[in-house]
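Here is how the chains run, residue by residue.
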Amino acid sequence: MVIYADNAATTQLDTDAFEAMKPFLLENYANPSGAYSYSKKAKQAIKAARKTIAECINAEPEQIYFTSGGTESDNWAIKGFALSDYDYKAVITSQIEHHAILNSCYDIERLKHPVAYLPVDCKGVVATDTLNRYISDRTGLVSVMTANNEIGTIEPIKELAQIAHSHGALFHTDAVQAVGHIPIDVKVLGIDMLSASAHKFNGPKGIGFLYCKERVLQPFHNGGSQEFGMRAGTENVPAIVGMAVALRKNIIEMEQNAKHLRCLSEELLSILEASNVPFILNGHPTNRLPGNINLSIKGKSGEGLMHMLDLKGICVSTGSACDSHNQQVSHVIQAIGVPEDYCEGTIRITLGKHNTEEEVKAIAETLIKLSRI
Ligand code: PLP
């Protein structure tokens, strides 16, 4: 039996989402751009899904652009901004962003766009004071993630967006780990652009969206006129439909899921504490994603722990899934300054709505044994 505790890497597809997708794989497979009436159902399904997704984040349907996932949305936000900005204004981001943002920023730096990478405090928070020190009227875009994928810290997005706007800059947030897990209202938070990915909220893989308040970006994919002429390519209709069903369901169940995850997380931590496992909980102690438990265990190897847990059928990771081939201490763990004797023993346990108390106890007990070896 497998205990899956790597829900920040991906989540199980929701069964209602799967059922909603099926007809668009087998029966209504027409290209939504077709001129005949057989295409109508696919076209209508995309329209309905766009409306549902917009409602889930308090946006307007025409502000939602479907993409292939979080990576594409992030690339589009950063590079699309750079391609549209003839004044070479500066971009400000943080040191703990996902590599979809960081590598896009390195790319635009090569095109001579200045980029600043904000340091974070020891809890992984991008402080408003820090942004205030870096920002100027030459800043065109600020991009700070809503919640960190490794340590789960939730950032002060509303305040950061206000600072960006007071200097005439746009504000983008990579909300891939947040959408469907914590409340997101783009109007209340003052977000201009937001990236999301369906497989992080029990939707299918290979689909996501970029919310864009105004059409400030250059199209990223050129070709046909899909997505209001902003993102060419035949739409992935079943995935779009599945994403909308999964997101609506997670939003309806959000409070209940968050409560369940907080209880499980507290239980896991209290078992480890009671057994005197020498660990640090990384990230913000309270303002964090409900299912994220990022631990550094003194004198251990995170890589070793991960493989030993794997032998016991327990799936966790050392950092972000996309980084699992990288054996070094992650850029996030480095940025928050985890002490040397702890940092190499970092593992990320990310619980999801399907995890149970028995599973959490099994993870804790296995970790206790491994920490004593
Ligand atoms: N941004 C963050 C914060 C993520 O955690 C991830 C995936 O782990 C991505 C972007 C990339 O998303 P996707 O897997 O949909 O490309």
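Structure: see above.
Residues numbered from 1 in each chain as written. Predicted model: local features only at pLDDT ≥ 70, side-chain atom pairs only at ≥ 80, totals over all residues. Heavy atoms only, no water.

A look at helix α13 (residues 357-371)
For α13, which comprises 15 residues, the first-to-last C-alpha distance of 21 Å matches the rise-based estimate of 21 Å (1.5 Å per residue) to within 8%. Of the positions making up α13, those classed as buried are E359, V360, I363, A364, T366, L367, I368, L370 and S371. At its buried positions, α13 is contacted by β1 (3-4), α9 (254-274), β10 (292-297), α10 (302-311), β11 (314-315) and β12 (346-350). (Helix = DSSP H or I, 4+ residues; strand = E, 2+ residues; numbered from the N terminus. Expected span 1.5 Å × (residues − 1). Buried < 20%, exposed > 50% of the residue type's maximum accessible area, 1.4 Å probe, protein only. Contact = heavy atoms within 4.5 Å.)

Regarding the pairing of strand β6 (residues 170-174)
Buried residues dominate β6, accounting for 5 of its 5 residues. Residues L170, H172 and D174 line one face of β6 and the alternating positions F171 and T173 line the opposite face, and both faces are buried. As judged from the 3 bridges shared by strand β5 (residues 139-143) and β6, these two strands associate in the parallel manner. Residue pairing for β6: L141 is matched across the bridge by L170. (Pairing = 2+ DSSP bridges.)

Here we look at the side chain of S330
With respect to the helices and strands, the residue S330 is situated in the loop between β11 and α11 (331-335). Within the structure, the side chain of S330 is placed 3.1 Å from the backbone nitrogen of I333, a separation counted as a polar contact. (Polar contact = N/O pair within 3.5 Å; in protein donor to acceptor, adjacent residues only side chain to side chain.)

So, empty space enclosed by the protein
Counting across every chain of the model gives 1 cavity of 30 Å³ or more. Computed from the structure, the largest cavity encloses a volume of approximately 250 Å³. Among the elements that line the lining of the largest cavity, the one with the most residues is α9, at 4 residues. In the lining of the largest cavity, the residues fall into 7 nonpolar, 12 polar and 2 charged. Counting the residues that make up the lining of the largest cavity, at least three belong to each of domain 1 (3-11 + 253-371) and domain 2 (15-252). (1 Å grid on protein atoms, 1.4 Å probe; cavity = no way out; pocket = protein on both sides within 12 Å on 5 of 7 lines; lining within 4 Å. Points joined across faces, edges and corners; volume = space filled by probe spheres on them. Nonpolar A, V, L, I, M, F, W, Y, C, P; charged D, E, K, R; others polar. Domains from an automatic or database assignment.)

Let's talk about the site of the ligand
Taken together, 13 residues sit near the ligand, with T71, D174, Q177, S197 and K200 positioned nearest. Take T71: an N or O atom from its side chain is 2.6 Å from an oxygen atom of the ligand. Contacts to the ligand include D174, whose side-chain N or O atom sits 2.6 Å from a nitrogen atom. The fraction of the free accessible surface of the ligand (390 Å²) that becomes covered by protein chains is 90%. Ranked by residue count, the leading element in the shell around the ligand is helix α3 (residues 70-84), at 3 residues. Among the residues forming the shell around the ligand, the class breakdown is 2 nonpolar, 8 polar and 3 charged. (Near = heavy atom within 4 Å. Areas by Shrake-Rupley, 256 points an atom, 1.4 Å probe, with all protein chains shown as cover.)

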